[in-house]
Amino acid sequence: MGSAKRVVAIPGEDAAAEAFAATTSLLDGLSLDLDWSYPPVGAAAIQTHGEPFPPEARAAIDDSDAALFGATSGASAGALFYLRWGRETFANVRPTRFAQGVGSPLTRPEGIDLVIVRENLEDLYVLSEGALQDLAPLGLSSATWQKPVADLGPGAYALKVITERGCQRVARFAFELARRRKAQGQVGKVTCATKHNLLFRTDGLFHEVAQHVAGEYQDIEFEALIIDDFANRLVGRPQQFDVVLLPNLYGDVLSDAAAALAGGLGLAASGCYGNDYAYFEPVHGTAPDLERQRVNPTATILCAAMMLEYLEFGEAAQQLVAAVERVYARGAPLTPDQGGSASTDEFCDAVAAAI
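Structural notes, computed from the coordinates. Note that the coordinates shown come from a computational prediction; the quantities given were computed from them, not determined experimentally.

A count of helical and extended segments in the protein gives eleven helices and 14 strands. In terms of overall dimensions, the protein is globule-like: its C-alpha atoms have a radius of gyration of 21 Å, near the 20 Å expected for 355 residues. When the backbone C-alpha atoms are referred to their principal axes, the protein occupies close to 65 × 50 × 40 Å. Per-residue burial for the protein yields a buried fraction of 50% across its 355 residues. Across the protein, the fraction of contacts at a sequence separation of at least 24, relative to all contacts at a separation of at least 6, is 75%. For the protein, the exposed surface amounts to about 16100 Å²; the carbon and sulfur share of it is 51%.

Right, here's the structure in full:
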């Protein structure tokens, strides 16, 4: 066996940390060659190092093969920002797959099996905002109001930044993912959705680059939709989608909507991938209102499975996902959000037994 894979573990805060602890215990039971590192991050790091993200934590991330992250409500945000922008994990992958026994608002959710690939670093998430009057020296005009933007009155602006490089790399990631899924029996289709009919320069660039990249993948079906139309189709018939390529903000919002169709955020996993690093984090946030209230660890477990796949423990990843689905198919023991009364640990114990 080769050398152990080095994994940084960052539990995060509130209920997310509870799900995280149960999941790592579950992984330990698989006897995989994983070398866990728990660097000082968040509230604990403030107590021991005087800051929430000390240099030791950054060094631990840089020395690791991947990171498993619980979720943050602020204290661990420095680590999250470094994992995302510091390591340039530009593709946020959010799978949505319906499994038998999972609660869904749809009458017929069977067959939902899509993956949203969200550009993870650009768009409005460059977080460059300011007062409207600061734009006066630039002389920027509003195409709709037909007057300078700064003359609209007191208010604020935010920059929406789309770069060719950012579009190209996330588009190629999406098409490569569709190609791998096609080899596994999926459709092999990429759907790109933007507001290119209105935001000609920004969403228009994302749309154009996606179309150009599509020409390099003749074996993969491609379609481009207006984001409004995509939202309607996502709720009406999500089974029609395979890999969905979205700019940052749309991907953030609509991946949560997709998750609701197949069981909710308690089952929503995600992975963020760069050229040489990846980290994995559930979508549900820290859920402070659910702390010590039998939180569902499924999303964190599925994140762990995505991480195992990335670290080339493919068989273990498949076993973990299959075990989770067997527990849901049996209908017990499930956590309260899925109609049961099981604790976090009881659910994880059932998954371990199913393996």
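For the rest of this paragraph, the subject is unusual backbone geometry. A cis amide bond links Ala332 with the next residue in sequence, Pro333, at an omega value of -5°. Here Pro333 is to be found in the loop between α10 (314-330) and α11 (344-354). The phi dihedral of Ser31 falls on the positive side, at around 55°, and the residue is not glycine. If you trace the backbone, Ser31 turns up in the loop between α1 (14-28) and β2 (34-37). Look at Asp123: it is not a glycine, yet its phi comes out positive at around 65°. Structurally, Asp123 is set in the loop between β5 (113-119) and β6 (129-131). Using a relative accessible area of 0% as the deciding quantity, one classes Asp123 as buried.

Moving on to the pattern of salt bridges. Enumeration according to the criterion identifies 21 salt bridges in this entry. Where Lys160 meets Asp123, a salt bridge forms, and the shortest distance between an N and an O atom there is 2.8 Å. In this pair, Lys160 is assigned in the loop between β9 (156-158) and α5 (164-183) and Asp123 in the loop between β5 and β6, connecting sequence segments 37 residues apart. For Lys160, a relative accessible area of 22% puts it in the partly exposed group. A salt bridge links Arg233 to Asp229; its shortest N-O distance comes to 3.1 Å. Residue Arg233 and its partner Asp229 are both found in helix α7 (residues 227-236); the two are separated by four residues, about one turn of the helix. Residues participating in the shared-partner salt-bridge network are Arg97, Asp113, Arg181, Asp242 and Glu325.

Here strand β4 (residues 91-97) lies mainly inside the structure; five of its seven residues are buried. With seven bridges joining them, β4 and β5 adopt antiparallel strand pairing. Within β5, the position partnered with Thr96 by the bridge is Leu114. Two strands pair when backbone bridges link them, and β4 and strand β13 (residues 271-273) are joined in this way by three bridges, in the antiparallel orientation.

A few words now on the layout of surface pockets. Size it by volume and the largest pocket reaches roughly 1200 Å³. Lining the largest pocket are 35 residues, and of these Pro95, Val115, Arg181, Met306 and Val321 lie nearest its centre. Considered class by class, the residues forming the lining of the largest pocket number 23 nonpolar, six polar and six charged. By volume, the second largest pocket is sized at about 710 Å³. Across the lining of the second largest pocket, the residue classes tally to eleven nonpolar, four polar and two charged.

Another point: α11. Note: α-helices contain 3.6 residues per turn, so residues at a spacing of three or four share the same orientation. Every buried residue belonging to α11 is among Thr344, Phe347, Cys348, Ala350, Val351 and Ala354, and all of these are buried. An end-on view of α11 places all buried positions within 155° of arc, on one side of the element. In α11, the exposed residues that point more than 90 degrees away from the buried face are Asp349 and Ala353. Here the buried face of α11 lies against α1, α9 (298-310) and α10.

To continue, consider the sheet that holds β13. Consider a sheet: its strands pair through backbone hydrogen bonds, and that pairing is either parallel or antiparallel. Spatially, the ten strands line up as an open sheet ordered β2-β1-β3-β14-β13-β4-β5-β12-β10-β11, and their pairing is mixed. Two strands in the sheet have a free side with no partner beyond their single neighbour: β2 and β11 (221-226). Taking the axes of each pair of neighbouring strands and ignoring which way they run, one obtains an average angle of 25° across the sheet. Against the sheet, α5 contacts β4, β5, β10 (189-194), β11, β12 (243-246) and β13, and its axis sits at roughly 165° relative to β5.

Rules used throughout
- Residues numbered from 1 in each chain as written.
- Predicted model: local features only at pLDDT ≥ 70, side-chain atom pairs only at ≥ 80, totals over all residues.
- Heavy atoms only, no water.
- Helix = DSSP H or I, 4+ residues; strand = E, 2+ residues; numbered from the N terminus.
- Rg over C-alpha atoms; globule rule 2.2 N^0.38 Å.
- Buried < 20%, exposed > 50% of the residue type's maximum accessible area, 1.4 Å probe, protein only.
- Contact = heavy atoms within 4.5 Å.
- Areas by Shrake-Rupley, 256 points an atom, 1.4 Å probe, with all protein chains shown as cover.
- Salt bridge = Lys/Arg side-chain N within 4 Å of Asp/Glu carboxyl O.
- Pairing = 2+ DSSP bridges.
- 1 Å grid on protein atoms, 1.4 Å probe; cavity = no way out; pocket = protein on both sides within 12 Å on 5 of 7 lines; lining within 4 Å.
- Points joined across faces, edges and corners; volume = space filled by probe spheres on them.
- Nonpolar A, V, L, I, M, F, W, Y, C, P; charged D, E, K, R; others polar.
- Arc of directions from axis to C-beta.
- Axes fitted to C-alpha atoms, helices over the stretch in contact; angles between N-to-C directions.

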